[in-house]
Amino acid sequence: SKMLYIYFSLLYNQTIPCFLHGLNTIVGKITAFPAAKTLISKSIRVVGFFRSSHYWGQQLINEAKNQGITRKLKTHSETRWYTPILLALSLQAYK
C-alpha cells in the first residue's frame, strides 16, 4: 500500500507535469508554422468580431440556439496549450 502510494506520487508529481510541458512545447511548435499562425489569426478575428458586437453576438447566439449548438466561441491564449484546439472546435461548431 505504501509502495503503491509512492509509485503514484512519483508518477503524478514527475511524469504528468513533464508530459504536459512536452505537449505544450509540441503545440507551440505547431502553432508557430506560418499556415497555423494565419489560421489562428483569422479565427481570433472572427471570434473577436462576434464577442465585441452585442448585436451580432446576440444574433449568433440566437442562430446557435436554433441550430442546437451548445458550444460557446472560445478565444486564444498564448499561455495555454489547449486554446488553439478550443478555438478550432468552437468555430467548427458554428460553421
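All values derive from a computational prediction rather than experimental measurement.

1. Things to note about the overall build of the protein chain
Okay, step 1: Of regular secondary structure, the protein chain possesses 4 helices and 0 strands.
Okay, step 2: In the protein chain, the succession of helices and strands from N to C terminus is α-α-α-α.
Okay, step 3: Looking at the protein chain as a whole, 15% of its 95 residues are labelled buried.
Okay, step 4: In the protein chain, the proportion of contacts linking residues at least 24 apart, taken out of those at least 6 apart, comes to 46%.
Okay, step 5: Carbon and sulfur atoms form 63% of the exposed surface of the protein chain, whose accessible area is close to 7,700 Å².

2. Regarding the packing of helix α2 (residues 34-52) against helix α4 (residues 83-93)
Okay, step 1: Viewed as axis vectors pointing N to C, α2 and α4 meet at an angle of 60°, and their least axial separation amounts to 11 Å. With respect to α4, the element α2 is oriented oblique. Judged by the twist between their axes, the crossing of α2 over α4 is left-handed. Of α4, the residues touching α2 (which contributes Ile-40, Ser-43, Ile-44, Val-46 and Val-47) are Pro-84, Leu-87 and Leu-91.

3. Observations concerning the layout of surface pockets
Okay, step 1: The space that makes up the largest pocket amounts to roughly 320 Å³.
Okay, step 2: Gly-57, Ile-61, Lys-72, Leu-73 and Tyr-94 are the residues nearest the centre of the largest pocket, which is lined by 16 residues in total.
Okay, step 3: For the lining of the largest pocket, the elements supplying multiple residues, two or more each, are α2 and α3 (54-67).
Okay, step 4: A per-element tally of the lining of the largest pocket places α3 first, with 7 residues.

4. A word on a positive patch on the surface
Okay, step 1: A grouping of Arg-51, Lys-65, Arg-71, Lys-72 and Lys-74 is seen on the molecular surface, where their side chains present a positively charged patch.
Okay, step 2: By the element assignment, Lys-74 lies in the loop between α3 and α4.

5. Some remarks on the environment of Glu-78
Okay, step 1: Within the secondary structure, Glu-78 sits in the loop between α3 and α4.
Okay, step 2: It is 8.6 Å that separates the C-alpha atoms of Glu-78 and Gly-28, two residues lying 50 residues apart in sequence.

6. A few points about the environment of Ala-88
Okay, step 1: Examined against the element boundaries, Ala-88 turns out to sit in helix α4.
Okay, step 2: When the C-alpha positions of Ala-88 and Ile-40 are compared, they lie 8.2 Å apart, and in sequence the two are 48 residues distant.

7. Examining the side chain of Ser-53
Okay, step 1: Among the structural elements, Ser-53 can be located in the loop between α2 and α3.
Okay, step 2: There is a polar contact of 3.1 Å between the side chain of Ser-53 and the backbone nitrogen of Trp-56.

What counts, and at which threshold
Residues numbered from 1 in each chain as written. Predicted model: local features only at pLDDT ≥ 70, side-chain atom pairs only at ≥ 80, totals over all residues. Heavy atoms only, no water. Helix = DSSP H or I, 4+ residues; strand = E, 2+ residues; numbered from the N terminus. Buried < 20%, exposed > 50% of the residue type's maximum accessible area, 1.4 Å probe, protein only. Contact = heavy atoms within 4.5 Å. Areas by Shrake-Rupley, 256 points an atom, 1.4 Å probe, with all protein chains shown as cover. Axes fitted to C-alpha atoms, helices over the stretch in contact; angles between N-to-C directions. Parallel < 35°, antiparallel > 145°, perpendicular 65-115°, else oblique. Left-handed = near helix turned anticlockwise from the far one by under 90°. 1 Å grid on protein atoms, 1.4 Å probe; cavity = no way out; pocket = protein on both sides within 12 Å on 5 of 7 lines; lining within 4 Å. Points joined across faces, edges and corners; volume = space filled by probe spheres on them. Patch = residues over 30% accessible without salt bridge, like charges linked within 9 Å, V, L, I, M, F, W, Y side chains within 5 Å. Salt bridge = Lys/Arg side-chain N within 4 Å of Asp/Glu carboxyl O. Lys, Arg positive; Asp, Glu negative; His and termini not counted. Charge placed at Lys NZ, Arg CZ, Asp CG, Glu CD. Polar contact = N/O pair within 3.5 Å; in protein donor to acceptor, adjacent residues only side chain to side chain.

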